[in-house]
Amino acid sequence: MAKNECDQIGVELGFVEEFESFSLRSKQFHSKVGGRPAWLSQLGLPSPSELSCQKCGQPSAFLLQVYAPIPGQARSFHRTCFVFCCKNTACYSHNDSRCFKVYRSQLPRKNDFYSYDPPVEEEAADIHSTDSEILQLGSGVKLCRVCGCLGPKSCSRCHSANYCSREHQTIDWKAGHKKECSKNGEVGVSLLDHKFLFLEYEVVTEPEELQLEADGDGQIEEEQLKEMQTYLESKPPVGDVLDSVDERDLEAMAEHESKESKVFEKFKRRTAIEPEQVLRYCRMGHPLWVSDENVPKETDIPNCLCGAKRLFEFQIMPQLLNYLKVDSPEASIDWGTLAVYTCADSCDQGNKYTAEFIVKQDYCADHI
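In this text, all values refer to a predicted model and were calculated from it rather than measured experimentally. (Residues numbered from 1 in each chain as written. Predicted model: local features only at pLDDT ≥ 70, side-chain atom pairs only at ≥ 80, totals over all residues. Heavy atoms only, no water.)

Draft legend 1. Representation of the pairing of strand E8 (residues 201-207) within the structure. Here strand E1 (residues 12-17) pairs with E8 via 6 bridges, running antiparallel. Residue pairing across strands places glutamate 17 opposite glutamate 202, the latter belonging to E8. Inspection of the sheet shows strand E2 (residues 31-33) paired to E8 by 3 bridges, in the antiparallel sense. Following the sheet pairing, lysine 32 is matched in E8 by glutamate 202. (Pairing = 2+ DSSP bridges. Helix = DSSP H or I, 4+ residues; strand = E, 2+ residues; numbered from the N terminus.)

And the structure:
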């Protein structure tokens, strides 16, 4: 695709909203943040090892999912991308993506799990069906009581509570399963407060409406270059200090600072139009970067398992952090932006979830 094609086809902006408790289940095909994942395919879920953090090895938490079918592609009539992240704040080092995971799932319109016809809102309000889905999918796959991911382990006493890991079994035991477990193997669907899941919201989208300035980016760039030149010319020679610095190094530093400022200013100017946006979707387009650092080259993005290239699909904005309530005086989950790249062909892997690629980009130190 051409470099400006994303602007031609338009960017969809995502915003969080309050929701009805029944409306974010799998059969409603919504995008959402937090809570438990609303799995699309009910088979072939990522294993606990596939969802564990690459840095600390702990289970990841569900961050968000984006329902993004591809018009005209029968195998992608239903299609959702799922993003997970580590909750250990020590794993969040600068421009390090290893504490994030992305998986893609897609199904044709005629499939083993959902009706051929569009979902009916009234049917989704069946409390019993939605409660049962929390702990077990319609396919029979059992889910972890803490995170809602695949739960292959079960409590050795009641054999009714399932978990993704020993860590989450311990969390559930302390939260109240210790008392439930004595009920002769009967474990209710009442959800305990594990304090592990992120706050849950629905994500709604609308087209981005640009308000372009008459002078465009060129005016901004020219002003910044003039300011840099004026600054350098105003500095008097400092003898030994100036002699020890190569003139080419000074020029390189000035050029980098100017380019870095331009990237960040573009990000601020573009997002200021809709400051509450938590998502920018433009499949096969380009991300809106917050920095000139850690921008991946084409060769940095691995091909899909099928051999096709991965292309940009959507990015998660830093504004989402305001809704997750993860701020801490010491350390916090943080990012400048998260860019997700998916298979250009959206290849068919059957009911299996397919791993995709994510880039975490943080703000330059000057912009923190």
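Draft legend 2. Structural detail: the packing of aromatic side chains. Tallied over the entire structure, the rule returns 14 aromatic pairs. Geometrically, the ring pair formed by phenylalanine 29 and tyrosine 114 is edge-to-face, given 5.1 Å between the ring centres and 70° between the ring planes. A residue pair is termed long-range when its members are at least 10 positions apart, and phenylalanine 29 in the loop between E1 and E2 and tyrosine 114 in the loop between strand E5 (100-107) and helix H2 (121-124) qualify at 85 residues. Tyrosine 114 shares its class with phenylalanine 29; the two are buried. Between tryptophan 39 and phenylalanine 84, the aromatic rings sit 5.9 Å apart at their centres with planes inclined by 25°, giving stacked as the arrangement. One end of the pair, tryptophan 39, is in the loop between E2 and strand E3 (61-67); the other, phenylalanine 84, is in strand E4 (residues 78-85), and 45 residues separate them in sequence. Here phenylalanine 84 falls in the buried class, since its relative accessible area comes to 0%. One aromatic cluster in this structure is built from Trp39, Phe62, Phe82, Phe84 and Tyr353. Residue placement shows lysine 87 over the ring face of phenylalanine 196; its charged tip is 5.5 Å from the ring centre. Over the ring of tyrosine 116 we find arginine 109; its NZ or CZ atom is 4.0 Å from the centre of that ring. (Phe/Tyr/Trp six-rings, centres within 6.5 Å; stacked < 30°, edge-to-face > 60°. Buried < 20%, exposed > 50% of the residue type's maximum accessible area, 1.4 Å probe, protein only. Lys NZ or Arg CZ within 6 Å of the ring centre and 35° of its normal.)

Draft legend 3. Highlighting the UniProt feature "domain: MYND-type" (unreviewed entry) in the protein. UniProt records the feature "domain: MYND-type" (unreviewed entry) for residues 144-181 in the present numbering. Taken end to end, residues 144-181 is 39% helix and 11% strand, and its two terminal C-alpha atoms sit 16 Å from one another. (UniProt positions renumbered as here; feature names shortened; annotations may be inferred.)

Draft legend 4. How the structure looks around helix H4 (residues 166-180). Taking 1.5 Å of rise per residue, the 15 residues of H4 would be expected to cover 21 Å, yet its terminal C-alpha atoms sit only 18 Å apart, more than 12% below that figure. Along H4, the sharpest change in direction is near 70° and occurs at lysine 174. For H4, the set of buried residues is His168, Asp172, Gly176, His177 and Glu180. Summarising the contacts, the buried residues of H4 are in contact with strand E7 (162-163). (Expected span 1.5 Å × (residues − 1). Bend = angle between axes of the 7 residues up to and from the residue. Contact = heavy atoms within 4.5 Å.)

Draft legend 5. Looking closely at unusual backbone geometry. Even without being glycine, phenylalanine 29 reaches a positive phi, approximately 55°. In this structure, lysine 325 is a non-glycine residue whose phi angle is positive, near 55°. Counting through the fold element by element, lysine 325 comes out in the loop between helix H8 (321-324) and strand E11 (337-343). Its relative accessible area of 60% is what places lysine 325 among the exposed residues.

Draft legend 6. Highlighting the sheet that holds E11. On the basis of which strands lie adjacent, the open sheet formed by 11 strands has the order E12-E5-E4-E3-E2-E8-E1-E9-E10-E11-E13 and antiparallel pairing. Strand pairing shows two members of the sheet lacking a second neighbour, strand E12 (354-355) and strand E13 (357-361), which therefore form its edges. One ladder, built from 6 bridges, connects strand E10 (residues 310-316) with E11; its direction is antiparallel. Considered in E11, the bridge of phenylalanine 312 is made with tyrosine 341.

Draft legend 7. Geometry of the pattern of salt bridges. Within the structure shown, the criterion is met by 14 salt bridges. Linking aspartate 193 and lysine 195 is a salt bridge whose minimum nitrogen-to-oxygen distance equals 3.1 Å. Comparing aspartate 193 with lysine 195 shows no difference in burial state: the two are exposed. For arginine 280, the salt bridge is made with glutamate 208, and the minimal N-O distance between the two is 3.0 Å. Of this pair, arginine 280 sits in strand E9 (residues 279-281) while glutamate 208 is found in the loop between E8 and helix H5 (216-234), placing the two residues 72 residues apart along the sequence. Residue arginine 280 is classed as buried on the basis of its relative accessible area, which comes to 5%. The class for glutamate 208 is buried, based on a relative accessible area of 14%. When salt bridges that share partners are traced, they join Lys55, Asp96 and Arg98 into one network. (Salt bridge = Lys/Arg side-chain N within 4 Å of Asp/Glu carboxyl O.)

Draft legend 8. Summary view of the confidence of the model for the protein. Residues of the protein with pLDDT of at least 70 account for 75%, and the chain-wide mean is 84. Predicted confidence is poor over residues 1-5, with pLDDT under 50, and the contacts of this stretch with residues over four places away or in other chains come to 3 contacts. The low-confidence segment residues 213-221 (pLDDT under 50) makes 5 contacts with residues lying over four places distant or belonging to another chain. (pLDDT = per-residue confidence, 0-100.)

Draft legend 9. Fine view of the environment of valine 263. You can see valine 263 is positioned in helix H7 (residues 247-271). Valine 263 gets classed as buried once you look at its relative accessible area, which sits at 18%. A sequence separation of 29 residues divides valine 263 from aspartate 292, and the C-alpha atoms of the two residues are 6.3 Å apart. Filtering out sequence-adjacent residues up to four positions away, valine 263 remains in contact with Trp289, Val290, Ser291 and Asp292.

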